[in-house]
Amino acid sequence: MTALLMEWDKACRSSHALRFVDVNLRGVGQVMFQNNPLTGALFLAAVAWGSFAAGAPHIFFGGLLALVVSSLAAMWLRVPQEKLNAGLCGYNGVLVGLALATFLAPGPLLWVYVVLGAVVSVIVMLGVSNAVKDWGLTALTFPFVLTTWLLLLATYGFAGLKGVALPTGNMVAAFEPFAVDPLNIIDLGRGVVLSLSQVFLKASGVSALLFLIGLAVSSLPTALFALGGAVLAVLTAHVLGAESDLITGGLLGFSPVLTAILLGTVAYSPSLRVATYAAIGVVFTVIAQAALNVALTPFAIPALTAPFVIVSWLFLLPRQCLESRQGEPGVVASSDDASHHTA
Amino acid sequence: MTALLMEWDKACRSSHALRFVDVNLRGVGQVMFQNNPLTGALFLAAVAWGSFAAGAPHIFFGGLLALVVSSLAAMWLRVPQEKLNAGLCGYNGVLVGLALATFLAPGPLLWVYVVLGAVVSVIVMLGVSNAVKDWGLTALTFPFVLTTWLLLLATYGFAGLKGVALPTGNMVAAFEPFAVDPLNIIDLGRGVVLSLSQVFLKASGVSALLFLIGLAVSSLPTALFALGGAVLAVLTAHVLGAESDLITGGLLGFSPVLTAILLGTVAYSPSLRVATYAAIGVVFTVIAQAALNVALTPFAIPALTAPFVIVSWLFLLPRQCLESRQGEPGVVASSDDASHHTA
Amino acid sequence: MTALLMEWDKACRSSHALRFVDVNLRGVGQVMFQNNPLTGALFLAAVAWGSFAAGAPHIFFGGLLALVVSSLAAMWLRVPQEKLNAGLCGYNGVLVGLALATFLAPGPLLWVYVVLGAVVSVIVMLGVSNAVKDWGLTALTFPFVLTTWLLLLATYGFAGLKGVALPTGNMVAAFEPFAVDPLNIIDLGRGVVLSLSQVFLKASGVSALLFLIGLAVSSLPTALFALGGAVLAVLTAHVLGAESDLITGGLLGFSPVLTAILLGTVAYSPSLRVATYAAIGVVFTVIAQAALNVALTPFAIPALTAPFVIVSWLFLLPRQCLESRQGEPGVVASSDDASHHTA
C-alpha cells in the first residue's frame, strides 16, 4: 500500500492535473481525518454507490462539484500550499454539496447554492481555524455545519429553493414512549452499519463497508475505533430509549463515530485512559445529538455533525489532562500535522 | 471640506462642550465606519427627517438620548480618550435607542430602557472589543444587536413594556411561493434606496440620500461601495425569490450595505480581488439575513444587523488571504485606526 | 472561626479521607465563590433541609452523588492539586445533580444521567476555563448550564427519562398584563428570601437563612451584597411589571444574586464605582433572566444560571475600566485566587 502511495505521490509531483486530483481525494479523506488519497477514492466510491443506488445521482454530483469548487476557491484565496495539499480545504465543501443536494430539490438555483456554499465553506474554514488555533483546536466540520445551516434556513425565505428532505418545524413536546419498539440484534446491527455511512449522509450498507475499508487502508486502529464508536453509540441510544427509526437509520450514530476517531486516534496518544475518555465522549455525543435534534425542532433544520463538533471541542480543550499525539504535553496538533500520522 | 473640518477641530480643542458634540457626531458617523463629524451630522439629519416624516419624532429623540447617555457612560467608565474621541462609544448606543423606540410603545419605562440599554451597550462594546481583539477583529455592531435582543426579548415577560412593531412569534414553515410578486425596475430601485436608510431603521428616500451624501463627504469610494452593495443585495434577493415586501422595503439590503463598506473599503486595501471578496460577502449576507429572519421567527424579535456582524467576522478572520489596509499583511486594523483613514 | 478552620485544615492534611470531605465541602461553597469548608457545610445543610422539607430527599442525594463523582472524575483526570483543593471541580457537579434530580423523574436512568453529567461537567469546566483564561475570565457556572441543558433537551428524545418539572414548549407570545397582581411588601420580601435559596434550586426560607449564614461566616460583605442583589432584583422585576409568581418565587432573583456577589466582592476592589457597576449588572441580569425565559420557551428548558454567566462575562471583559482585586490593574483573578480572599 505504501509503495502504491509513494508511486502516486511521485506522479503527482510531475503533473499539476494529478496533484489537483490528489488534493481533492485527500479532501474527501479528511472528512474522517485521513490525509490519504486512496482513502479519499474509496470514500468517493462509497458516496457514488450510495447516491446511485438510492436513485439520486445528483447528490453525488453536488458533492463532487462542491469539492472541486472549494479547492479552486482555496487556490484563489492563496491558501498555504501545505494546507491545500493536505486536503484541508475540501472536506467541508464536499459535505456542504452533499447536504444541499440531499435536503433541497434539484434545479438551477441549487447549483448556484452549491457553488456559493463551497466557496463560503473555505472562507469559514480559514476563519474558524484562525479563531480556535490558540486554543489548540482545529475547525473540524464546524464550517460545513454553519454554512449549511445558514443556507438551509434561508430557503424558508426564498421561493427559488425548495426543501425536500428537511424536518418540519414543530414545537418541542414530550417524547411519545409508545414509539419505542423493542429492537433485536439485527436492527441494532443495521444501526451500527448505517451510523458509519451517515457520516456522508448515506444510508447504505455497501457504502458503510467501503468507508470502513477506506479507513483501514489508512489506519487499522482508526477503522476499529470508528466501528467501536458506532456500536457504543447505538447501545447508548437503545438503553436511553431513543426512537427506533433514528437508531436503525444510523442517525444517532454518525456524530459519535467521528468523536471516537478524533478523540481515540487523532488527538491523543492511544492508551486505556484515552480510550475511556473517548468512550465518555462518544456517549455524550449521543446525548448531544438527541439534544440538538430537539433544539433544532423549532427551526426545521437537521443537526448535521454539530453534536460531534461541540462535544469534541469541549473534550479537546482540557488538553493538560491527557497525552497529546505530538510529544509536547497537552498541545493538540493542528489538523495538517495530526492527519500526517498515517502517512 | 478638509479646511472646514480642521476649523471645527480647532474649535473643539478649545471647548469641552464642542468636543462633546464632536464625539457624539462621530459616534453617529461610526455606524457606517466614518470617523467624521460632518458625516455624523448628515446622518443625524437623515434620522431626524425619517422620524419626523413618519410622524414618530420620539424615535429620533430615543436615538439622541441613547447617544448622549452612552458617551457619558463611557466617560464615567474612563474609556481611553482616543477611543472616545473617535466616536467608538456612541455608534452602538444610538442604534440601541433607535431600535427600542422603533419597536416599543412610548412611555416612561421606554426611556428607562433607553438609558439602561445605552449604558450597557458601552460595557458590552468594551468587553467584546477586548474579546475579539486578538483575532484582529473589532466589535462592529454586535453590542447593539446583543443588548437590543435581550431588552426586546425581556419585554415579553414585562407588563410595563409593550411591543408595537415586533414580529409575531411563529413556527418555521415552508415559504409560500405565491407571495412572490414580479418586481419591476422601480420596485427594485426602491429596495436599493431603502436598503441604505434601513441601516438606521428608517424607510425614507430623503434619508437615504442624506446618508449617501454623508458617506460621500467622508469618502467617495465608500458611498459607491454602499450603493453597489445595496444593488447587489437587492438583485441577489430577487433572483433567489425572496418576498417582495422585504426586498422593496430594504429589509434584506441594510446588512449587506454594511458588509460592502467594511470588506470593500475599511478592512482591506482596495483591489479587484478585494472587491470580488466583498461581493461574495454581500451575497452571503443576504443569505444570512434570510436565515436569521427564519431562525428568529420562534423568538419574535428582529435580526437587526446580526447578519452583517456574523458574515463580516467570518470574512475578516482569514486575514492572511487578503491585503489589509495597514501595510502589515493580514492584520485588520482596530477600528480606531481603520476609521482614521478618512481623516 | 479562623481557629476552627485552621484546626480543620491541619486535620485534613493528615487524612486523605478528611481532605476528600474538605474538597467536596469547598466545592459546594464555590457555587457562591466561597473557598471555605464551613460555608460549604452550611450550604449543604440548606440543600438537605430544602429537599427533605419539600418531600424530595432524592434531590439532595442527586446533588451529593454528583458532587462526589465530579471530585473523583477530577482526580482521574489528574487536575492540578490546587484547583481540586479549592473546590473548583465540584461546584458545577453539585448543581448538575440538583438540577437533574429536580427536573426529571426518579428512576435508574436518572442516576446514570447524574453520574454522566457530573463527569462531563468537570471536563467542560476544565475546557471552558482554558478557553476563557486569556480573556481574564473564569468558567463560572457555564459548565453546569451547558451540560444540564444538553442532558435535559435530550430527554425529549429518550423514553427512558421523563421530565417532571420542565417548562412546556410554547410559542413566544405577548405578555398577558392581567397576570400582574399588585404585590405588597410581604410578597416582595418572600421574593428576596427565595431569590437566595433558588441559587441552589430551592424554595425555602430556612434554606435561604442557612445560605446567608454560610456566606457571612466566610465574608460578611459578601452576605450583604447577596442580600442587596436580591432586593434590587426583586424591585427591578416589580417595577418592570414581571409576573408575580416569578418574583415571589425568587425565580428572577437567583441569577442577580450571583452577579452581585461576583461583581461587587470577588472580581473588583470594593468602592462606590464598583458598587454602582455591580448594581447596573444586577439590573441587567434581571433583564437577561426575563429574556432567556422567553428565548428558551420554544425549547422547553429552564434558563438555570445562564443570565448570570452571560451578564457577568460581559461586565468582566472591560477589565481596564475598574480596579481589579489583584493589584495588577485590569486582570480579573482566576477563581482559585479570587476565592482565597476570605481565607
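As the structure is a computational prediction, the values presented were derived from the model and not from experiment. (Residues numbered from 1 in each chain as written. Chains lettered and ligands numbered in written order. Predicted model: local features only at pLDDT ≥ 70, side-chain atom pairs only at ≥ 80, totals over all residues.)

Enquirer: Explain the overall build of chain A to me, using residue names and the numbers behind them.
Expert: If you tally the helices and strands in chain A, you get 16 helices and 0 strands. Computed over its C-alpha atoms, the radius of gyration of chain A comes to 19 Å, within 12% of the 20 Å expected for a compact globule of 343 residues. Seen through its principal axes, chain A has C-alpha atoms that stretch 60 × 50 × 35 Å. A burial count over chain A gives 62% of its 343 residues as buried. (Helix = DSSP H or I, 4+ residues; strand = E, 2+ residues; numbered from the N terminus. Rg over C-alpha atoms; globule rule 2.2 N^0.38 Å. Buried ≥ 20, exposed ≤ 12 C-beta atoms within 10 Å, placed from the backbone.)

Enquirer: An account of the nonpolar core is needed here, citing residue identities and associated values.
Expert: Core analysis: the biggest nonpolar cluster contains 400 residues, and A:Leu153, A:Ala226, B:Leu153, B:Ala226, C:Leu153 and C:Ala226 have the highest contact counts within it. Take this core: its biggest share by element is 14 residues, from helix H7 (residues 108–133) of chain C. The contact partners of A:Leu153, leaving out residues within four places of it in the chain, are A:Phe299, A:Ile301, B:Ala291, B:Val294 and B:Ala295. (Core = buried A, V, L, I, M, F, W, Y, C linked by C-beta atoms within 7 Å. Contact = placed C-beta atoms within 7 Å.)

Enquirer: Explain the interface of chain A and chain B residue by residue, including any values.
Expert: Counting residues at the interface gives 28 residues for chain A, matched by 28 residues for chain B. Broken down by secondary-structure element, the contributors of at least two residues to the side of chain A that touches chain B are helix H7 (108–133) and helix H8 (142–155) of chain A. The element best represented in the side of chain A that touches chain B is H7(A), accounting for 10 residues. For the side of chain A that touches chain B, a count of residues per class yields 20 nonpolar, 7 polar and 1 charged. (Nonpolar A, V, L, I, M, F, W, Y, C, P; charged D, E, K, R; others polar.)

Enquirer: Can you break down the relation of the copies chain A and chain B residue by residue, with the values?
Expert: If you rotate chain A by 120° and push it 0.0 Å along the axis, it lands on chain B with an RMSD of 0.0 Å. Both chain copies can therefore be described as sitting about a three-fold axis. For chain A, the minimum C-alpha distance to the rotation axis belongs to A:Pro298 and amounts to 3.9 Å. A low fraction, 4%, of the interface residues of chain A reappear at the interface in chain B, so the copies pair through non-equivalent surfaces. (Least-squares fit on C-alpha atoms with pLDDT ≥ 70 in both.)

Enquirer: Please provide a residue-by-residue account of the relation of the copies chain A and chain C, values included.
Expert: Mapping chain A onto chain C calls for a screw motion: a turn of 120° about the axis and a shift of 0.0 Å along it, with 0.0 Å RMSD after fitting. The overlap is low: 4% of the interface residues of chain A also sit at the interface in chain C, so different surfaces are used on the two sides.

Enquirer: Break down the interface of chain A and chain C for me, with residues and values.
Expert: Contacts between chain A and chain C engage 28 residues on the former and 28 residues on the latter. At the level of elements, helix H14 (272–295) and helix H15 (306–316) of chain A are the ones that each hand at least two residues to the side of chain A that touches chain C. Of the residues forming the side of chain A that touches chain C, the biggest block, 10 residues, is contributed by H14(A). Residue composition of the side of chain A that touches chain C, grouped by class: 25 nonpolar, 2 polar and 1 charged.

Enquirer: Please give an account of unusual backbone geometry that cites residues and values.
Expert: Residues and elements named next belong to chain C. The phi dihedral of Phe33 is positive, around 65°, even though this residue is not glycine. Tracing the chain through its elements places Phe33 in the loop between helix H2 (16–29) and helix H3 (37–53). You can call Phe33 buried: it has 26 C-beta atoms within 10 Å. One non-glycine residue with positive phi stands out, namely Leu304, at about 50°. By the element assignment, Leu304 lies in the loop between helix H14 (272–295) and helix H15 (306–316).

Enquirer: Describe the confidence of the model for chain A, naming the residues involved and giving the relevant values.
Expert: Atom-level detail of predicted coordinates should not be read off regions where pLDDT is low. Residues and elements named next belong to chain A. Taken as a whole, chain A shows an average pLDDT of 90; of its residues, 91% reach a score of 70 or greater. Contacts for the low-pLDDT stretch residues 327–343, under 50 throughout, to residues beyond four places or in other chains number 42 contacts. This complex was scored by the predictor with a pTM of 0.93 and an ipTM of 0.91. (pLDDT = per-residue confidence, 0-100.)

Enquirer: A description of helix H9 (residues 185–197) of chain C should follow, citing residues and the corresponding values.
Expert: Residues and elements named next belong to chain C. For H9, spanning 13 residues, the distance from its first C-alpha to its last is 19 Å, which sits close to the expected 18 Å at 1.5 Å a residue. Along H9, the residues classified as buried are Gly191, Val192, Val193, Leu194, Ser195, Leu196 and Ser197. Its buried side turned inward, H9 meets H3, helix H10 (205–218), helix H11 (220–240), helix H12 (244–248) and helix H13 (254–266). (Expected span 1.5 Å × (residues − 1).)

Enquirer: Residue-level account of the environment of B:Leu4, with values.
Expert: Position of B:Leu4 relative to the elements: it lies in helix H1 (residues 2–14). When the C-alpha atoms of B:Leu4 and B:Leu38 are compared, they prove to be 9.3 Å apart, with 34 residues separating the residues in sequence.

Enquirer: How would you sum up the packing of helix H4 (residues 57–76) of chain C against helix H6 (residues 91–103) of chain C? Please name residues and give values.
Expert: All names here are of chain C. Close contact between H4 and H6 brings their axes to 7 Å; oriented N to C, the two are set at 150°. As summarised for this structure, H4 and H6 are arranged roughly antiparallel, according to the angle between their axes. The way H4 lies across H6 gives a crossing that is right-handed. Between H4, through His58, Ile59, Gly62, Gly63, Leu65, Ala66, Leu67, Val69 and Ser70, and H6, the contact on the second element is made entirely by Asn92, Gly93, Val94, Val96, Gly97, Leu98, Leu100, Ala101 and Thr102. Among the residues making up the contact of H4 with H6, the classes are represented as 10 nonpolar, 8 polar and no charged. (Axes fitted to C-alpha atoms, helices over the stretch in contact; angles between N-to-C directions. Parallel < 35°, antiparallel > 145°, perpendicular 65-115°, else oblique. Left-handed = near helix turned anticlockwise from the far one by under 90°.)

Enquirer: Give me the lowdown on the packing of H3(C) against H4(C), citing residues and values where you can.
Expert: Residues and elements named next belong to chain C. Running from N to C, H3 and H4 point in directions that differ by 150°, and their axes come no closer than 6 Å. Judged by residue contacts, Val47, Ala48, Ser51 and Phe52 of H3 engage Pro57, Ile59, Phe60 and Gly63 from H4. Each residue belonging to the contact of H3 with H4 can be placed in one class, and the counts come to 6 nonpolar, 2 polar and no charged.

Enquirer: Run through helix H8 (residues 142–155) of chain B, naming residues and quoting values.
Expert: In this model H8(B) runs 20 Å from its N-terminal to its C-terminal C-alpha over 14 residues, within 8% of the 20 Å that 1.5 Å per residue would give. Of all 14 residues in H8(B), 14 are buried; the element is thus mostly enclosed.

Enquirer: Could you give an account of the environment of C:Met1, with specific residues and numbers?
Expert: Secondary-structure assignment places C:Met1 in the segment before helix H1 (2–13). Residue C:Met1 is classed as exposed on the basis of its 9 C-beta neighbours within 10 Å.

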